Amino acid sequence: MIEFEDVTKRYPDGTVAVDKLSLRIPSNEITVFVGPSGCGKTTSLRMINRTIERTSGRISIDGEDINAGDPVTLRRGIGYVIQHAGLFPHKTVVDNVATVPKLLGWDKKKTRATAMELLERVGLDVKLAERYPAQLSGGQQQRVGVARALAADPKIMLMDEPFSAVDPIVRHQLQEELLRLQRDIGKTIVFVTHDIDEAIKLGDNVAVLRVGGTLAQFAPPAELLAHPDDDFVESFVGQDRGYRALTFLKPDDLSLAPLPPELSVGDDGRPLGWKSNGELLPLGAVFQRGDSLRATMDSVLTSPVGQGVCVDEAGKAIGVIDYITLAEVLRP
Ligand SMILES: Nc1ncnc2c1ncn2[C@@H]1O[C@H](COP(=O)(O)OP(=O)(O)OP(=O)(O)O)[C@@H](O)[C@H]1O
């Protein structure tokens, strides 16, 4: 656990970026710092690896004050990923990833093998290993940044707006891959973003900060959406929070209707579309049992006949749900 106790940062010009911040960041989970520009997210993050030194208060990792040892040793146990990846331009991809293992004096073979394995893990083609950062796309550079941060197998990863500089589609992919990776590696990740949707998608917990560097609310995303503590959090979370809360609701006993004759199904049981006046209308989005109510609702809304199709793991149609049944499920 990383613990902030009454932590304040006052810059030399008198700006108080973080003001008596107290919070507990659980181990092996993703905690997101979110808030408007200038609310002290980056300052808070960088105080953890002491690239910014706190003015007062205490920050501890597993009970030990981070000021007890020297900052260089501290930083070796903490991966750091920033916007634009911050890769060394004159080093190849594999050498970028190998930076910390080399510093730690690992032998060459082990370092290279680890670096190549990490490239694969973050979804990069190992053929790119000998390229230079400028020869990669923005999304690929970010993946290298994540691999580099993971190279020495740190317990903690600090990520400062790592996906902000890429287009929305790549951003979505990087978010999905981070979640997939985290299921395997279970690191303590502290992630900074100004985007509440990103915070809600990635965070096990979300810390909402307000300008002046104070904590407005610290809660899991579902709780934040359902019960914002005050007007500031409510407005920051956004207008459609009721709808977005459906992401976290997963009905376990959704009652499905049998497949209607208008649904065209292939020989392999996969749904193909909806028969209508001799035409085949597109299917719309499908969902699976165990998906969120948001996904289920999306399936109903995108269906041309108002019926969402549920499929099994193999993609075979197993039932449908219509507006009326869905409305019953949604009723509080
Ligand atoms: N070196 C510095 N000297 C003086 N003030 C600073 C310094 N660095 C940051 N600040 C101020 O501290 C406050 C918090 O900055 P910080 O970068 O932590 O915010 P942030 O929430 O990460 O912002 P953004 O989302 O815009 O990146 C801001 O008012 C900023 O202007």
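Criteria and thresholds
- Residues numbered from 1 in each chain as written.
- Predicted model: local features only at pLDDT ≥ 70, side-chain atom pairs only at ≥ 80, totals over all residues.
- Heavy atoms only, no water.
- Salt bridge = Lys/Arg side-chain N within 4 Å of Asp/Glu carboxyl O.
- Helix = DSSP H or I, 4+ residues; strand = E, 2+ residues; numbered from the N terminus.
- Buried < 20%, exposed > 50% of the residue type's maximum accessible area, 1.4 Å probe, protein only.
- Domains from an automatic or database assignment.
- Pairing = 2+ DSSP bridges.
- Near = heavy atom within 4 Å.
- Polar contact = N/O pair within 3.5 Å; in protein donor to acceptor, adjacent residues only side chain to side chain.
- Areas by Shrake-Rupley, 256 points an atom, 1.4 Å probe, with all protein chains shown as cover.

To continue, consider the pattern of salt bridges. Summed over all chains, the structure comprises 18 salt bridges. One salt bridge in this structure joins Asp65 and Arg54, with 3.0 Å as the shortest N-O distance. Of this pair, Asp65 sits in strand S5 (residues 64–65) while Arg54 sits in the loop between helix H1 (41–48) and strand S4 (56–61), and the two are eleven residues apart along the sequence. As a salt-bridge pair, Asp125 and Lys127 come within 3.8 Å of each other at their nearest N and O atoms. By relative accessible area, which is 72% here, Lys127 ends up exposed. Connected via shared salt-bridge partners are Glu5, Arg54, Arg58 and Asp65.

Moving on: the domain arrangement of the protein chain. As a measure of interface size, the accessible area lost when the parts come together is often cited. Domain boundaries in the protein chain define domain 1 (2–241) and domain 2 (263–330). Each of domain 1 and domain 2 was reduced to a C-alpha centroid, and the two centroids are 38 Å apart.

In this section: the pairing of strand S16 (residues 317–322). Pairing analysis gives five bridges linking strand S15 (residues 307–311) to S16, with the strands arranged antiparallel. Bridge pairing in S16 links Cys310 to Gly319. From the end of S15 to the start of S16, which pair antiparallel, there are five residues, and Gly315 there has a positive phi angle of about 90°.

So, on to the site of the ligand. Within the structure, the ligand sits among Tyr11, Asp13, Thr15, Ala17, Pro36, Ser37, Gly38, Cys39, Gly40, Lys41, Thr42 and Thr43. In this structure, Ser37 approaches the ligand through a side-chain N or O atom, which is 2.6 Å from an oxygen atom. Note that an oxygen atom of the ligand is positioned 3.1 Å from one of the backbone N or O atoms of Cys39. When the free accessible area of the ligand is taken as 640 Å², the share hidden by the protein chains comes to 60%. Considering every element that reaches the shell around the ligand, the biggest residue donor is H1, with three residues.

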